[in-house]
Structures are given as structure tokens and as C-alpha cells.
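# Fold and contact review
Here's the letter readout for the chains.
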There are 2 protein chains.
Amino acid sequence: MRIIKQVQQMQKLAKQTRTKGLKIGLIPTMGFLHEGHLSLIRLARKEADFIVVSIFVNPTQFGPGEDYQAYPRDLQRDCRLIGQNGGDVVFVPSSEEIYPEGYCTFVELEGITRKLCGAFRPTHFRGVATVVTKLFYIVKPHFAVFGQKDAQQAIVIKRLVKDLNFGIKIIVAPTVRESDGLAMSSRNLYLSEQEREDASVLYKSLQGAKSMVEAGERSASRIIVTMEKMISEKPTAQIDYIAAVDDQQLEPLEQLSGEVLIAVAVRFGRARLIDNIILSV
Amino acid sequence: MRIIKQVQQMQKLAKQTRTKGLKIGLIPTMGFLHEGHLSLIRLARKEADFIVVSIFVNPTQFGPGEDYQAYPRDLQRDCRLIGQNGGDVVFVPSSEEIYPEGYCTFVELEGITRKLCGAFRPTHFRGVATVVTKLFYIVKPHFAVFGQKDAQQAIVIKRLVKDLNFGIKIIVAPTVRESDGLAMSSRNLYLSEQEREDASVLYKSLQGAKSMVEAGERSASRIIVTMEKMISEKPTAQIDYIAAVDDQQLEPLEQLSGEVLIAVAVRFGRARLIDNIILSV
């Protein structure tokens, strides 16, 4: 397994790999890998001849006061795990390598990036779309894998790929969870013991919503109110949003029908956690 | 020579062409070709095995009240000229093909797109950067050729290519002029007889600036005032701007030194014409 830090070197290797007729799979990450990331690598392994895992804590997707500096990093452990799970290259550029002096180009999606998390993190998806566009040109993948936990990110990236004609397949892989249902996230590290215990309510509230829908409930507001009640009972939980939206435009629904995304963002101490389910109603 | 209207078909042909090891050159145009465009095709012919000329009057680079609807079109003549000058493919997508329903992704460059023409046409370069990014993914060129007449556009695109790691060479070809020095432009068609006569002052004012610099003048304001005086003498001329800036960041200069871009934008009736020279001071 190779570790590459330079854009030019990565670009050259990607070109050579394409010329050989090999199929390249990309898994973009911010590092500090957990079982969720590793499941993406193993999934990619089934389809690709050549797996690139990028590790880049992308400054442009963090807002002022967010956890860019504090975001956990452990490159040595990450590289070991990537090797063990079938990665061929770890691409770890520096911030200056991705955004050199004079850098001024950004990719913006209107509408869907202002909703859900975008309402709380107004420049977040601009940062995501920009770095993903760059990674696609640098790594030249045939497909890229993202996790369903970041549901809005997956929707934004699918739209980006379609709009800019990237011709890259986007695979969205299921959320991997701890035994009590908490979605795996590098940010779970921030949780105190009490917060960790409380945080399992997110998945329970989503399962509650699913049960209500299965029992025939179609009112978004009744489902949201029930979830809000469950989550608010936890002393350390502070809700950013609970939403039931269509899974394309992320428009709030009154009555659930079609493919429905139920998504939550809740702060527990300094950890802002997100989770979601998609229901076919 | 082939005419292609569908993005998918163009993308497939580009992929096949790349797989054969052929070098692809792209000349993006808005059609209604003149000798300036044709010189770009002939220049590309020297470097490329496969020449794609795109014709697309791009709605997102026109502002409200600008000449999107009126912009001249003559596809049949364009195709004949492209064939005669060595083009292999004319890519002529419809507006719906490039911006299908639900389209929401835009590429923005901060700073340099707000200066010169960007100050008068605030969404123009966003439209240019977006469509060029799309064309690069659709046509997959090894290099693309742009005209020096659109000096700011060339600078924006070079920056875009560098920032997003496109790995595509940008060639900027010299401005082709009428016998009296007027830069060729599809918009010259809009000029009345009087306006056409007056419009030759643009090149004369730039040549005047060049002579002043050659004679030792370094004061930007003295050069600009002289140019302003020359242009204002023409009864149909309405100046948008006359500027002396550095050729990277487009920052206004007080004293000329280094690579200096002297650029003008002047309206004659409904034609807004631009021209420029670069001087090594």
C-alpha cells in the first residue's frame, strides 16, 4: 500500500492506472477511521481493481467556531486499517496542497445545500462540493463511495455529479452502528459517558418514527413531535433539527409519501451528531 | 465532420478517442464564427489529433437585459467553416441538455471575477466557469484554446483549471483584428455604420497607451486619461471602464511595472465591445 501526499503524484498514478484499464474506486474521508469507513472500503473492494482512500480534514467545510482544529487525527492507525481492509493508496494531501496560495474557486449548489444541515452550517456543502470536485479530477475514479449517515451530503454529491457531467458512479453504503444503535462517527469521541449514553436516543427516535409509519401514521408533524419528545428527555441533548423531507429536493413534507428522508441533528456537549433513515411510504 | 447534440454521445466519443491515445483539443465558442475563432481552430489543429468545437450560447453567462436572445446564430455556416478549418466534431447541445430541470450547481471564483467586466456583469464569469467545467468533463480535452480578446475570461479559466486540478492545458491565442484594428467579435454585427467607424478607436487608444509606455510613461492615470479622451471624442462611445491592472490578480496599478493588462470595455449603441493589450513593462 502506498501513501501519497502530492496532488501531481496522485494524478499521475491515477492516469497510469486508468491507462492500464483498471477500475478505480475512491473513498473520500476525513480520517480517524471507524468501522463505518472500513465497510466502505470493503464494499469498494468488490467493484474496483484499485482503491484510493483519501484522508483530508477539509478546512473549507468547517464554519467559524466549528471543530476543524479539534477534529481527531491518527494517520498511522488509519493507514494500517486501510491496508488491512484492501486499500491500495492512501492519499493524504496537506491543506496547502489542496488550497495553495491564491486559491479562489468554489463549487456551489443552490437550494438543497441551504436545507437541513445547510441551514446551520451555511458554507459546509460548498466546502464539500469543492473538495470532492477536486478529488474527482485528482484521483479519476470510476466510482466513489459515501456513507448513508451523511444523507444530505450523499444527495448533494449525486446532484453535483449529475450537474457537472462527471460520469462517476456514486455508491451510498448503509450506516454502520454501535450495539445500541448509535451511528458510528469520528465525532463520537467527543462524548462524555453521560452524553454517549444519551446519544443512543437518536437511533431509537428514528426507529420510533419507522414504527409509527408502519402502523399507518402519515402526519409528519405528529412523527416529529414524538421524536422531539423522546430526544428532549435526554438531559444532554440539544436539538438542531428533526425533519421529514423528500429524498431529492429535501422539501419538508406534511403528509409522508414516496421516498421519505427522516433526519436529525442533535448536539450532545461539543459533539454535533446526525442520523437518518429513508422510508418507502 | 460530425455534429453531436447529446452530452452522453459526446462523452462516449471523447472516452473512445482518449482510449485510442489521441490528443483532444477543444475550442469552446458561442458560434457565429469569425476569423478569430477560425484562427483558434487552426492553431489547435497543429497540436491535436482530434478537434472539438463547441457551439453553445450559454444562458448563465448573460445577465438580465443582456443580449442572450439577440445573440447572432448561424449553425449551418458555422459547421461549414469548422469543417473547412480542420474541426472533427461540432458539439452543439441545447440549453436543456446542458442545464436540465433541477440543475443547481455553479462554479464561482472569488475576487478576480468581480473586477473589470465582472463589476458590470456580476454573474457573467460564474456562468463561464460553470459551462467550461462541464465542457471539460464532457469533451475530456488535453488542451483548450481561448482568445486573448477576452483577457479576463482567459485569466479566470487558467485560475479555474489550476484550482480544480483539471490538468488541461489552456492556450491563449492572439486577437484577430479587422484592417482598421477593431478586434473581431460576433457582436460587431450589432454596430451601425457610424458606430462601426467609431469603434476602431478602441484599438487606437490601446496603441496610444503602448506608445506612451514605450516613450517612458509609467503613470497609469495619465495613460487612462489620455485613452479616455481619445475614446470620448467618438460620439457613439459610452465607456464602461478603462483599466491598467496586473495580469494575475487584476489589481489596479498606479505605476506600471511587470506584466500589465490594459483593458477597455465600451458600449457603442447596443454592442458592448472589449479589447486589451498586455505590455511587459
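Residues numbered from 1 in each chain as written. Chains lettered and ligands numbered in written order. Predicted model: local features only at pLDDT ≥ 70, side-chain atom pairs only at ≥ 80, totals over all residues. Heavy atoms only, no water.

### Some thoughts on the packing of aromatic side chains
Which entries qualify depends on this criterion: Pairing of aromatic side chains here covers Phe, Tyr and the six-membered ring of Trp, requires ring centres within 6.5 Å, and sorts the geometry by plane angle: under 30 degrees stacked, over 60 edge-to-face, intermediate tilted. Three exposure classes are used, based on accessible area relative to the maximum for each residue type with a 1.4 Å probe and protein chains only: buried under 20%, partly exposed in between, and exposed over 50%. Look at NZ for Lys and CZ for Arg. If either is within 6 Å of the ring centre and within 35 degrees of the ring normal, a charge sits over the ring.
For the structure on display, the rule yields 17 aromatic pairs over all chains. Seen from their ring centres, Tyr-103 of chain B and Phe-106 of chain B are 5.7 Å apart, and the 80° between their planes marks the pair as edge-to-face. Each of the two residues, Tyr-103 of chain B as well as Phe-106 of chain B, counts as buried. Aromatic rings pair up to connect Phe-136, Tyr-137 and Phe-166 of chain A together with Phe-136, Tyr-137 and Phe-166 of chain B into one cluster. In this structure, Arg-73 of chain A packs its charged tip against the face of Tyr-68 of chain A, placed 5.3 Å from the ring centre. The ring centre of Phe-106 of chain B lies 3.8 Å from the NZ or CZ of Arg-126 of chain B, which sits over that ring.

### So, the packing of helix α6 (residues 124-139) of chain A against helix α7 (residues 151-163) of chain A
Residue and element names in this part refer to chain A. Quick reminder of the rule: The axes used here are C-alpha line fits, helices contributing only the stretch in contact, and every angle between their N-to-C directions lies in the interval 0 to 180 degrees. Numbering of helices and strands runs from the N terminus, with a helix taken as a DSSP run of H or I at least four residues long and a strand as a DSSP run of E at least two residues long. Each angle gets one of four labels, with under 35 degrees taken as roughly parallel, over 145 as roughly antiparallel, 65 to 115 as roughly perpendicular, and the rest as oblique. Put simply, a crossing is left-handed when the front helix is turned counterclockwise from the back one by less than a right angle, and right-handed when it is turned clockwise. Residue contacts are counted whenever heavy atoms from the two residues lie within 4.5 Å of one another.
Interaxial distance between α6 and α7 falls to 10 Å at its minimum, and their mutual angle equals 50°. Between α6 and α7, the interaxial angle falls into the category oblique. Two packed elements cross with a definite hand, and for α6 against α7 that hand is right-handed. The segment α6 lies against α7, with Phe-125, Val-128, Ala-129, Val-132, Thr-133 and Phe-136 engaging Gln-152, Gln-153, Val-156, Ile-157, Leu-160 and Val-161.

### What to know about empty space enclosed by the protein
Residue and element names in this part refer to chain B. As a reminder, the rule being used: Each cavity reported here is a set of points on a 1 Å grid over the protein atoms alone in which a 1.4 Å probe fits but cannot get out, each pocket an open set with protein on both sides within 12 Å along at least five of seven lines, and each lining residue one with an atom within 4 Å of a point. Grid points are joined across faces, edges and corners, and a volume is the space filled by probe spheres set on the points. The classification used treats Ala, Val, Leu, Ile, Met, Phe, Trp, Tyr, Cys and Pro as nonpolar, Asp, Glu, Lys and Arg as charged, and all other residues, Gly among them, as polar.
Evaluated as defined, the whole model comprises two cavities of 30 Å³ or more. Roughly 50 Å³ of volume is contained in the largest cavity. In this structure, the largest cavity is lined by Lys-149, Leu-182, Ala-183, Ser-185, Asn-188, Leu-202, Leu-273, Ile-274 and Asp-275. In terms of residue count, strand β10 (residues 271-280) provides more of the lining of the largest cavity than any other element does, three residues in total. Split by residue class, the lining of the largest cavity holds five nonpolar, two polar and two charged. The computed volume of the second largest cavity comes to approximately 40 Å³.

### Structural notes on the sheet that holds strand β9 (residues 259-268) of chain B
Residue and element names in this part refer to chain B. To keep things clear, this is the line we draw: Strands qualify as paired when DSSP identifies two bridges or more between them.
Ordered in space as β8-β9-β10, the three strands form an open sheet in which the pairing is antiparallel. Two strands close off the open sheet at either side, each with one partner strand: β8 (237-246) and β10. Strand-to-strand, the axes of this sheet are offset by a mean angle of 15°, without reference to chain direction. The pairing of β8 with β9 spans nine bridges and is antiparallel. Residue pairing for β9: Ala-244 is matched across the bridge by Ile-262. Packed onto the sheet, helix α9 (residues 201-214) meets β9 and β10 and runs at close to 20° relative to β10.

### A few points about the relation of the copies chain B and chain A
Applying a rotation about an axis and a shift along it to one chain copy brings it onto the other copy. Here is the rule: Only residues with pLDDT of at least 70 in both copies count here: their C-alpha atoms drive the least-squares fit that superposes the copies.
With an RMSD of 0.0 Å, the fit of chain B onto chain A corresponds to turning through 180° and sliding 0.0 Å along the axis. When the rotation and shift are considered jointly, the pair of chain copies conforms to a two-fold rotation axis. For chain B, the minimum C-alpha distance to the rotation axis belongs to Val-107 of chain B and amounts to 2.3 Å. A shared binding surface is used by both copies, with 100% of the interface residues of chain B retained as interface residues in chain A.

### What to know about the packing of helix α9 (residues 201-214) of chain A against helix α10 (residues 220-232) of chain A
Residues and elements named next belong to chain A. Put simply, α9 and α10 touch, their axes get as near as 9 Å, and they point 150° apart. Classified by the angle between their axes, α9 and α10 sit roughly antiparallel to one another. Two packed elements cross with a definite hand, and for α9 against α10 that hand is right-handed. Between α9 and α10, the contacting residues are Val-201, Leu-202, Lys-204, Ser-205, Leu-206, Ala-209, Met-212 and Val-213 on the first element and Arg-222, Ile-223, Thr-226, Met-227, Met-230 and Ile-231 on the second. For the contact of α9 with α10, the class distribution of residues is 10 nonpolar, two polar and two charged.

### Topic: the domain arrangement of chain A
All names here are of chain A. Put simply, the test is: Marked domain ranges trace back to an automatic or database domain assignment. Joining two parts hides part of their accessible area as seen by a 1.4 Å probe, and the buried area is that hidden amount summed over both. Counted as salt bridges are all cases of a side-chain nitrogen of Lys or Arg within 4 Å of a carboxyl oxygen of Asp or Glu. Pairing of N or O atoms within 3.5 Å defines a polar contact, subject to two protein rules: one partner must be a possible hydrogen donor and the other a possible acceptor, and residues neighboring in sequence count only if both atoms are side-chain atoms.
According to the domain assignment, chain A contains domain 1 (2-173) and domain 2 (186-280). If you average the C-alpha positions of domain 1 and of domain 2, the two centres end up 26 Å apart. Contact residues are listed per partner, giving 22 residues for domain 1 and 20 residues for domain 2. For the pairing of domain 1 and domain 2, the buried interface totals around 1,800 Å² over both sides, and the portion due to carbon and sulfur atoms is 59%. With its nearest N and O atoms 2.8 Å apart, the salt bridge here joins Lys-115 to Glu-251. At the surface where domain 1 touches domain 2, the tally comes to eight residue pairs in polar contact (both at pLDDT 80 or more). Of all the elements in the fold, those that place two or more residues in the side of domain 1 that touches domain 2 are α5 (117-120) and α7. Taken together, the residues of the side of domain 1 that touches domain 2 break down into 12 nonpolar, five polar and five charged.

### Here we look at the pattern of salt bridges
Close approach of charged atoms lets side chains of opposite charge pair. As enumerated under the stated definition, the model contains 36 salt bridges over all chains in all. Residue Glu-110 of chain A pairs with Arg-126 of chain B through a salt bridge whose shortest N-O separation is 3.2 Å. Pair noted here: Glu-110 of chain A is in the loop between β5 (105-109) and α5 and Arg-126 of chain B is in helix α6 (residues 124-139), and the two residues belong to different chains. Judged by its relative accessible area of 42%, Glu-110 of chain A falls in the partly exposed class. One continuous salt-bridge network, built from bridges that share partners, spans Glu-108, Arg-114 and Arg-126 of chain A together with Glu-110 of chain B.

### Concerning the side chain of Ser-205 of chain B
Position of Ser-205 of chain B among the secondary structure elements: in helix α9. With near-sequence residues (within four places) excluded, Ser-205 of chain B lies in contact with Met-227, Met-230 and Ile-231 of chain B.

### Points about the interface of chain B and chain A
Opposite the 27 residues of chain B that make contact, chain A presents 27 residues. For the chain B and chain A pair, buried surface summed over both sides reaches about 2,500 Å², with 50% attributable to carbon and sulfur atoms. Contact with chain A buries area across many residues of chain B, yet Cys-104, Tyr-137 and Asn-165 of chain B alone supply 27% of it, more than any other trio. Our enumeration of links across chain B and chain A arrives at two salt bridges. Run the count over chain B and chain A and you get 18 residue pairs in polar contact (both at pLDDT 80 or more).

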